[in-house]
2 protein chains.
Amino acid sequence: MALRKRPPPRQTSAPMIQLGILNRRLGYFARRLQVWIFQDFIRRLASVDLSPAQFSVLVVIGANAGLSQAELSATLGIERARLVRMLHRLERRGLTQRLPSSADARRHALRLTREGGRLLARAKRLSDEHEAGLIERFGSKRYRILIEALREF
Amino acid sequence: MALRKRPPPRQTSAPMIQLGILNRRLGYFARRLQVWIFQDFIRRLASVDLSPAQFSVLVVIGANAGLSQAELSATLGIERARLVRMLHRLERRGLTQRLPSSADARRHALRLTREGGRLLARAKRLSDEHEAGLIERFGSKRYRILIEALREF
DNA sequence: TATTGTTATACTCTATAACTATA
DNA sequence: TATAGTTATAGAGTATAACAATA
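Residue numbers run consecutively from 1 along every chain, following the written order of its sequence. By the order in which they are written, chains take letters starting at A while ligands take numbers starting at 1. Side-chain atom pairs in this predicted model are given and counted only at pLDDT of 80 or more, local residue features only at pLDDT of at least 70, and totals for whole chains, interfaces and linings cover all residues. Side-chain measures here rest on the full set of heavy atoms in the structure, leaving out hydrogens and waters.

## Some words on the protein's contact with DNA strand C
- Neighbouring DNA strand C are 19 residues; A:Arg31, A:Ala70, A:Arg98, B:Arg82 and B:Arg89 lie closest to it.
- If a single non-hydrogen atom of a residue is within 4 Å of a molecule or strand, that residue counts as near it. The sugar-phosphate backbone supplies 67% of the atoms of DNA strand C found within 4 Å of the protein.
- At 2.8 Å from a phosphate oxygen of DNA strand C is found a side-chain nitrogen or oxygen belonging to A:Arg98.
- For DNA strand C, a phosphate oxygen lies 3.1 Å from a polar atom in the backbone of B:Ala105.
- At the level of secondary structure, the elements contributing two or more residues to the surface near DNA strand C comprise α3 (69-76) and α4 (80-92) of chain A together with α4 (80-92) of chain B.
- Secondary structure follows DSSP: runs of H or I at least 4 residues long count as helices, runs of E at least 2 residues long count as strands, and numbering of each begins at the N terminus. Among the elements that line the surface near DNA strand C, the one with the most residues is α4(A), at four residues.
- We call Asp, Glu, Lys and Arg charged. Ala, Val, Leu, Ile, Met, Phe, Trp, Tyr, Cys and Pro are nonpolar, and the rest, Gly among them, are polar. Tallied by class, residues from the surface near DNA strand C come to five nonpolar, four polar and 10 charged. Here a polar contact means two N or O atoms within 3.5 Å. Within protein one must be a hydrogen donor candidate and the other an acceptor candidate, and residues neighboring in sequence count only if both atoms are side-chain atoms.

Shown next as structure tokens:
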């Protein structure tokens, strides 16, 4: 159920490799799609040096200033423990801040720095181009069907 | 662009966490789908103790007896280096074999052992149930649209 | 008692580079 | 020279458990 990066070599002399039952496994194709998209995303956002996960963290902080790490963790499905390291990095890069929460001393209120906001704006523009590439590749009709089916899931 | 395991808590008192632009990113939803499917797959195949990647390796070897590690690697997008370890494990479990290739002394001809074939048969049955669960969850019409769109990709 | 952020550990996966033996 | 399989390493991601501070 792992990924096939490229179609297998279809040389006339070499025997074609069969996928067998994987051809009827949605998980196999979902994985292929996800890896392909992430690779494209990483390439397109190379100039801002953000991974898909880092991008998602900045987007959610940007859209929910003051949220806690636990909320961010639950929203994106990133382990609380893992978030700590990620936020350290983003903070070292001057993109995010952890401020004391006024209501609850255990919490941190997360927000973007001004520089974080600026970088995120650039990243969003690049991710728009990435998405436009996907739309073109799928065809806009199939793209819409796909994203709507997955969104409801 | 990471995963949200469950919808965020929609308590009336707590502010709803917004996904922002992630709502318009196919990669975000593709990742969610893939992780969800893999988690279900792992749960369903717990009794045969096969990961999605191990399952895919057994399926492709089963459908292409005698193929080489390089061919398997290219088909599934698993690094040649990584395959070595995976095949060691499967071999230690008595599921696969690496036989000398008659034509080319550099190659190994991969095949399932009888036990590997039996385990794969059981695993395929479990994966059928997993797939049936997906079809039910999506609805068979939407499932078909999805898998056909992804297969063509 | 439960939750938040944190540290630590072990395992998996990915990405490389380099080595050997063969072609 | 190039290819197949292998070894080794570093980085990222995942899954846990445990801890201190706070609720």
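## Comments concerning the packing of aromatic side chains
Residue and element names in this part refer to chain A.
- Two aromatic rings, drawn from Phe, Tyr or Trp (for Trp, its six-membered ring), form a pair once their centres lie within 6.5 Å of each other, and the interplanar angle then sorts them: stacked below 30 degrees, edge-to-face above 60, tilted otherwise. Considering all chains together, one arrives at four aromatic pairs over all chains under this definition.
- The interplanar angle of 75 degrees and the centroid separation of 5.1 Å between the aromatic rings of Tyr 28 and Phe 29 together place this pair among those described as edge-to-face. Phe 29 carries the same exposure label as Tyr 28, and that label is buried. Remark: exposure states derive from per-residue accessible area (1.4 Å probe, protein chains only) relative to the maximum for the residue type, with buried under 20%, exposed over 50%, and partly exposed in between.

## Remarks on the packing of helix α1 (residues 26-44) of chain A against helix α1 (residues 26-44) of chain B
- Convention adopted: a line fitted to C-alpha atoms gives each axis, helices being fitted over their contacting stretch, and angles between N-to-C directions are expressed from 0 to 180 degrees. Contact geometry for α1(A) and α1(B): axes closest at 9 Å, N-to-C directions at 145 degrees. Like other packed secondary-structure pairs, α1(A) and α1(B) cross with a definite hand, here left-handed. Only B:Leu26, B:Gly27, B:Ala30, B:Arg31, B:Leu33, B:Gln34, B:Ile37 and B:Phe38 of α1(B) make contact with α1(A), whose side of the interface consists of A:Leu26, A:Gly27, A:Ala30, A:Arg31, A:Leu33, A:Gln34, A:Ile37 and A:Phe38.
- The class makeup of the residues in the contact of α1(A) with α1(B) is 10 nonpolar, four polar and two charged. By convention, the crossing between two helices is left-handed when the near helix turns anticlockwise from the far helix through less than a right angle, and right-handed when the turn is clockwise. Residues are treated as being in contact if the distance between any of their heavy atoms lies within 4.5 Å.

## Quick look at the confidence of the model for chain A
- Think of pLDDT as the predictor's per-residue confidence, scored from 0 to 100. Per-residue confidence for chain A averages 91 on the pLDDT scale, and 90% of its residues sit at or above 70.
- Across residues 2-13 of chain A, where pLDDT falls below 50, the model places 29 contacts with residues more than four positions away in sequence or in other chains.

## Things to note about the protein's contact with DNA strand D
- Taken together, 19 residues are adjacent to DNA strand D, and A:Arg82, A:Arg89, B:Arg31, B:Ala70 and B:Arg106 come closest.
- Backbone atoms, meaning sugar and phosphate, form 65% of the atoms of DNA strand D found within 4 Å of the protein.
- B:Arg31 is positioned with one of its side-chain polar atoms (N or O) 2.4 Å from a phosphate oxygen of DNA strand D.
- For DNA strand D, a phosphate oxygen lies 3.0 Å from a polar atom in the backbone of B:His108.
- Every element with two or more residues in the surface near DNA strand D is listed here: α4 of chain A together with α3 (69-76) and α4 of chain B.
- Per-class residue counts for the surface near DNA strand D are five nonpolar, four polar and 10 charged.

## Looking at the relation of the copies chain A and chain B
- With an RMSD of 0.0 Å, the fit of chain A onto chain B corresponds to turning through 180 degrees and sliding 0.0 Å along the axis. The relationship between the two copies is best expressed as a two-fold rotation axis.
- Both copies present the same face, since 98% of the interface residues in chain A are matched by interface residues at the equivalent positions in chain B. Only residues with pLDDT of at least 70 in both copies count here: their C-alpha atoms drive the least-squares fit that superposes the copies.

## Some details on a positive patch on the surface
Residue and element names in this part refer to chain A.
- Positive charge collects at one region of the surface, where Arg 82, Arg 85, Arg 89 and Arg 92 lie side by side.
- Tracing the sequence through the fold places Arg 85 in helix α4.
- Of the residues examined, Arg 85 reaches a relative accessible area of 64% and is grouped as exposed. Each patch is built from residues that are more than 30% exposed by relative accessible area and take part in no salt bridge. Like charges join if they lie within 9 Å; nonpolar side chains (Val, Leu, Ile, Met, Phe, Trp, Tyr) join within 5 Å. Reported accessibility uses the Shrake-Rupley method at a 1.4 Å probe radius. Residues are deemed covered only where the shown protein chains occlude them. Just to be clear on terms, a salt bridge is a Lys or Arg side-chain nitrogen sitting within 4 Å of an Asp or Glu carboxyl oxygen. The charged-residue count follows a simple rule in which Lys and Arg add positive charge and Asp and Glu add negative charge, with His and chain termini not counted at all. Note that the charge is assigned to NZ on lysines, CZ on arginines, CG on aspartates and CD on glutamates.

## Section: the interface of chain A and chain B
- With 63 residues of chain A at the interface, the matching set in chain B holds 62 residues.
- Both sides of the chain A and chain B interface together cover about 5,600 Å² of buried area, and 70% of this is carbon and sulfur.
- The salt bridge involving B:Arg25 is made with A:Asp128; its shortest N-O contact spans 2.4 Å.
- At the surface where chain A touches chain B, the tally comes to 12 residue pairs in polar contact (both at pLDDT 80 or more).
- Contributing elements (two or more residues each) for the side of chain A that touches chain B: α1, α2 (52-63), α3, α5 (114-138) and α6 (140-152) of chain A.
- Considering each element in turn, the side of chain A that touches chain B owes the most residues, 13 residues, to α1(A). Take the accessible area each of two parts loses on contact, using a 1.4 Å probe, and add the two losses: that sum is the buried area.

## Comments concerning the pattern of salt bridges
- For the structure on display, the rule yields 18 salt bridges over all chains.
- A salt bridge links A:Asp40 to A:Arg43, with the nearest nitrogen and oxygen atoms 3.5 Å apart. A residue pair is termed a helical-turn pair when its members lie 3 or 4 positions apart in one helix, as A:Asp40 and A:Arg43 do in helix α1 at three residues.
- Exposure remark for A:Asp40: the relative accessible area of 8% places this residue in the buried category.
- Across the pair B:Arg142 and A:Glu152 runs a salt bridge whose closest N-O atoms are separated by 3.4 Å. Here B:Arg142, found in helix α6 (residues 140-152), pairs with A:Glu152, found in helix α6, and the two come from separate chains.

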